[in-house]
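Summary of the model geometry
What follows is the residue order along each chain.
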2 protein chains.
Amino acid sequence: MSERITIALDAMGGDAAPGIVVDGADIARERYPHVDFLVFGRAADVEPLLARKKQLQAVTTFVHTDSVVSPDDKPSIALRSGRASSMRLAINAVHDGDAKGVVSAGNTGALMAMSKFVLKTLPGVSRPAIASYFPTLKGESVMLDLGANLSCDADNLVDFAVMGSAFARSVLGIMEPSYGLLNVGSEEKKGPEHLHEASSILRSVDLPGAFHGFVEGDDIGKGTVDVIVTDGFTGNVALKTAEGTAKLINQFVRESFKSSLLASLGYLLARSAIKKLRVRVDPRRYNGAMFLGLNGIAVKSHGGTDALGFANAIGVAVDLYQQGIIEKIEAGIATLQRDPPKAKIATG
Amino acid sequence: MSERITIALDAMGGDAAPGIVVDGADIARERYPHVDFLVFGRAADVEPLLARKKQLQAVTTFVHTDSVVSPDDKPSIALRSGRASSMRLAINAVHDGDAKGVVSAGNTGALMAMSKFVLKTLPGVSRPAIASYFPTLKGESVMLDLGANLSCDADNLVDFAVMGSAFARSVLGIMEPSYGLLNVGSEEKKGPEHLHEASSILRSVDLPGAFHGFVEGDDIGKGTVDVIVTDGFTGNVALKTAEGTAKLINQFVRESFKSSLLASLGYLLARSAIKKLRVRVDPRRYNGAMFLGLNGIAVKSHGGTDALGFANAIGVAVDLYQQGIIEKIEAGIATLQRDPPKAKIATG
């Protein structure tokens, strides 16, 4: 039997909160019978929903707060005026040892700012990153950073490689993950200087898995490497471009099936196969952006997700804790053997 | 009747050159009866192919050269030692007025370096950009830069907006193109400083079409704007990510149809519709990366393309000339009304 663990939930974050949070927790309760929930939100909104889920209620501690971080709040504002918000209290619960991880579908910038402020970055890590995983031709890959750090230097990217490798081993179950730096060409001389510097560091250190070198945008879908390392600007654009292209092609496929009577009939016959395809690329399967590099587990669910997606984000938090992501990242950072003064600057 | 024009072709560039070049020119000859060809390459390789295409031969002037730019040549090497290469002679033909545009499927970096050296950038344009267009939910859009300039300042991006707008009007037939800056969020405060600066310039100048503001990665597939403006690093990653994702989803769809007997039968019925879909997203339809901002028309065909794709790249060169892309860019740059000293620095 697994040790019982508690996950803190921000009930008020997300387009359809608190409904998706409560329903998502109820799905996660069935999947993870050893998980308790510590739920923060407005009693008037949340308690009636919980009252209808007796089994969930039995494993849930609910804490009322009137304060909520709005989706439009700037991170700095949320940090200052959201000290009693459901989001902040859920993060505090991780810091205080009352929960092993926090999940919120709320304002990403606010969640990152608060998590960083409350949980702090791990020693030796200069900046936390946002990571997410997605389907590829070969299975699943993870990419980071997705927007926490718009521009990055070589050391930041090396940290991200450490964190991404730990994530691949913890959640994707890939014991020797390959990792690559996203660039405009795979040749060694291509691209900007800080990528060459990061590449040369990654060649010299002994991280679990294998450094592949540079990868290009089309390597993301190919699954050339298990971990794609890039700055937050490029990663954010690449992930959203991939999402947009997937939607475009799906729409083209749908239109094709509607374009003639024969095609419609063909669609009817192939329907169950096409449904399986939808499941395969269902964004809810890949819901949950992980904040890596913090001294605590924080998972950001997509704001527009439904209960199933939220349950999956809870699952990611459970996996991250049970697989010891933080210890894996600490061990990886230790292998970098940075000079102490440099490490000091990097953590400052 | 259209004025007769000549297009210069580098017969030796591309994985399957010179075959695809000669066959591509023959397809283009049928489509554009008013076009003559000036073809540069090794006589021993090219002349036998031309001899088999009597109608093409009739509108073609062939010039022999032994020198060829190799796909692995660094741009600086190609520039120095490729002065008699088929690529260089084809570019020279545009500079000398012997051709209205040049098309090559050879080494991209060499083609850009030589084109920039021979044709020069247009007055007021600081840096030329590589542009390409692709299908979206709403039709077609163009994106630039795709890799000529890895990092860009605000003025570079403004230039690209001018060039992209001219391209959309010339080749895509969109008279009032909308254009946007690729960023990590659509809100005005998101992203790095140079994007804010570019945005504020674009709001203040009077370019044809409408400035939409910031767009995100998923707006590329949606077709939110007709022209997507970004630096060469981000644009290169985004375009390749989109290509990779399209291949991934296509592969998933193929596998779905093979997953059961019913699905296979469904595929048979829907086959002609699926074929139409393939035509719709056929990369050969979108073959041809345009070098914009130069004082002459240069089109880079994909190195791995076939004759049909090469013919399409020739078509793009013909369109660019006939729609007066260079005059449109000059007019756009003039509307920027930059202070003369600034313009001087920018062109330096």
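Position numbers for residues start from 1 in each chain and track the written sequence from start to end. By the order in which they are written, chains take letters starting at A while ligands take numbers starting at 1. Predicted model: local features are reported for residues with pLDDT of at least 70 only, side-chain atom pairs are reported and counted for 80 or more only, and whole-chain, interface and lining totals are derived from all residues.

1. Digging into the sheet that holds strand β8 (residues 210-215) of chain B
Residues and elements named next belong to chain B.
- Strand pairing follows a simple DSSP-based rule, namely that at least 2 bridges must link the two strands. Numbering goes from the N terminus for both helices and strands, where a helix is a DSSP run of H or I of at least four residues and a strand is a run of E of at least two. Pairing is mixed in the open sheet, where 11 strands are placed in the order β3-β2-β1-β4-β11-β10-β5-β6-β9-β7-β8. Either end of the sheet is taken by a strand with one partner, and the two such strands are β3 (60-64) and β8. Strand after strand, the sheet turns through a mean of 25° between neighbouring axes, direction not considered.
- Bridge count for strand β6 (residues 140-144) against strand β9 (residues 227-229) is three bridges, and the pairing is parallel. By the bridge assignment for β9, L144 is matched with V229. Axis angles are defined between N-to-C directions and span 0 to 180 degrees, where every axis is a line fitted to C-alpha atoms and, for a helix, only to the segment in contact.

2. Section: unusual backbone geometry
- Note the cis peptide between A17 of chain A and P18 of chain A, where omega equals -5°.
- Residue D145 of chain B is reached from L144 of chain B by a cis peptide bond, and omega for that bond is 0°.
- Notably, K120 of chain A is not glycine yet its phi reads approximately 65°, a positive angle.
- Note that K120 of chain A resides in the loop between α6 (108-119) and β5 (129-135).
- Three exposure classes are used, based on other C-beta atoms lying within 10 Å of a residue's own C-beta, which is placed from the backbone: buried for 20 or more, exposed for 12 or fewer, and partly exposed in between. Assessed through the 15 C-beta atoms surrounding it within 10 Å, K120 of chain A is described here as partly exposed.

3. Brief notes about the relation of the copies chain B and chain A
- Superposing the copies works by least squares over the C-alpha atoms of residues that have pLDDT at least 70 in both of them. After a rotation of 180° and a shift along the axis of 0.0 Å, chain B superposes on chain A with an RMSD of 0.0 Å. Such a combination of turn and shift is consistent with a two-fold rotation axis. Residue G266 of chain B, judged by its C-alpha, is the member of chain B lying nearest the rotation axis, at 1.8 Å.
- By definition, residue pairs are in contact when their C-beta atoms, positioned from the backbone, come within 7 Å. Mapped onto chain A, 100% of the interface residues of chain B again fall at the interface, so both copies present the same surface.

4. Digging into the nonpolar core
- For this analysis, nonpolar core means a set of buried Ala, Val, Leu, Ile, Met, Phe, Trp, Tyr and Cys residues linked through C-beta atoms within 7 Å. Counting residues in each nonpolar core, the largest one holds 235 residues, and the members touching the most others are A131, L144 and A317 of chain A together with A131, L144 and A317 of chain B.
- Apart from residues lying up to four places away in sequence, A317 of chain A is in contact with I7, G101, V103, I297 and V299 of chain A.

5. Digging into the interface of chain B and chain A
- Counting from both sides, the interface comprises 53 residues of chain B and, opposite them, 53 residues of chain A.
- Of all elements in the fold, only α9 (217-222), α10 (232-257) and α11 (261-280) of chain B reach the threshold of two or more residues within the side of chain B that touches chain A.
- In terms of residue count, α10 of chain B provides more of the side of chain B that touches chain A than any other element does, 22 residues in total.
- Its residues assigned to classes, the side of chain B that touches chain A shows 27 nonpolar, 17 polar and nine charged. Note on residue categories: nonpolar means Ala, Val, Leu, Ile, Met, Phe, Trp, Tyr, Cys or Pro, charged means Asp, Glu, Lys or Arg, and polar means any other residue, Gly included.

6. Remarks on the environment of K240 of chain A
- Residue placement: K240 of chain A occurs in helix α10 (residues 232-257).
- Considering only alpha carbons, one finds K240 of chain A and L146 of chain A, 94 residues apart in sequence, at a separation of 9.5 Å.
- If sequence neighbours within four positions are ignored, K240 of chain A has contacts with E216, G217 and D218 of chain B.

7. So, the pairing of strand β2 (residues 35-41) of chain B
Residue and element names in this part refer to chain B.
- With five of seven residues buried, β2 is to be regarded as a mostly interior element.
- Pairing between β2 and β3: five bridges, direction parallel. Directly across from G41, in β3, lies its bridge partner H64.

8. A look at helix α12 (residues 307-322) of chain B
All names here are of chain B.
- By this rule, a helix spans an expected 1.5 Å times one less than how many residues it contains. Look at α12: 22 Å from first C-alpha to last across 16 residues, which is about the 22 Å you get at 1.5 Å a residue.
- Along α12, 13 of the 16 residues are buried, which leaves the element largely enclosed by surrounding structure.
- Just downstream of α12, G324 is the residue with a positive phi angle, here 65°.

9. Things to note about the domain arrangement of chain A
All names here are of chain A.
- Domain boundaries shown here were taken from an automatic or database domain assignment. For chain A, the assigned domains are domain 1 (1-121 + 294-304) and domain 2 (126-292).
- On a C-alpha basis, the centres of domain 1 and domain 2 stand 27 Å from each other.
- The interface of domain 1 with domain 2 comprises 10 residues on the first partner and eight residues on the second.
- Sorting the residues of the side of domain 1 that touches domain 2 by element identifies α6 and β11 (297-300) as the ones contributing at least two each.
- Along the lines of polarity and charge, the residues of the side of domain 1 that touches domain 2 split into four nonpolar, four polar and two charged.

10. A look at the packing of helix α11 (residues 261-281) of chain A against α10 of chain B
- Across the interface, α11 of chain A lies against α10 of chain B with an axial gap of 9 Å and an inter-helix angle of 145°. With respect to the hand of their crossing, α11 of chain A and α10 of chain B are arranged in right-handed fashion. Residues A270, A273, I274, K276, L277, R280 and V281 of chain A of α11 of chain A touch α10 of chain B, and the partners they reach there are F252, V253, S256 and F257 of chain B.
- The class makeup of the residues in the contact of α11 of chain A with α10 of chain B is eight nonpolar, one polar and two charged. Each crossing is labelled by how the near helix is turned from the far one, with a counterclockwise turn of less than a right angle marking it left-handed and a clockwise turn marking it right-handed.

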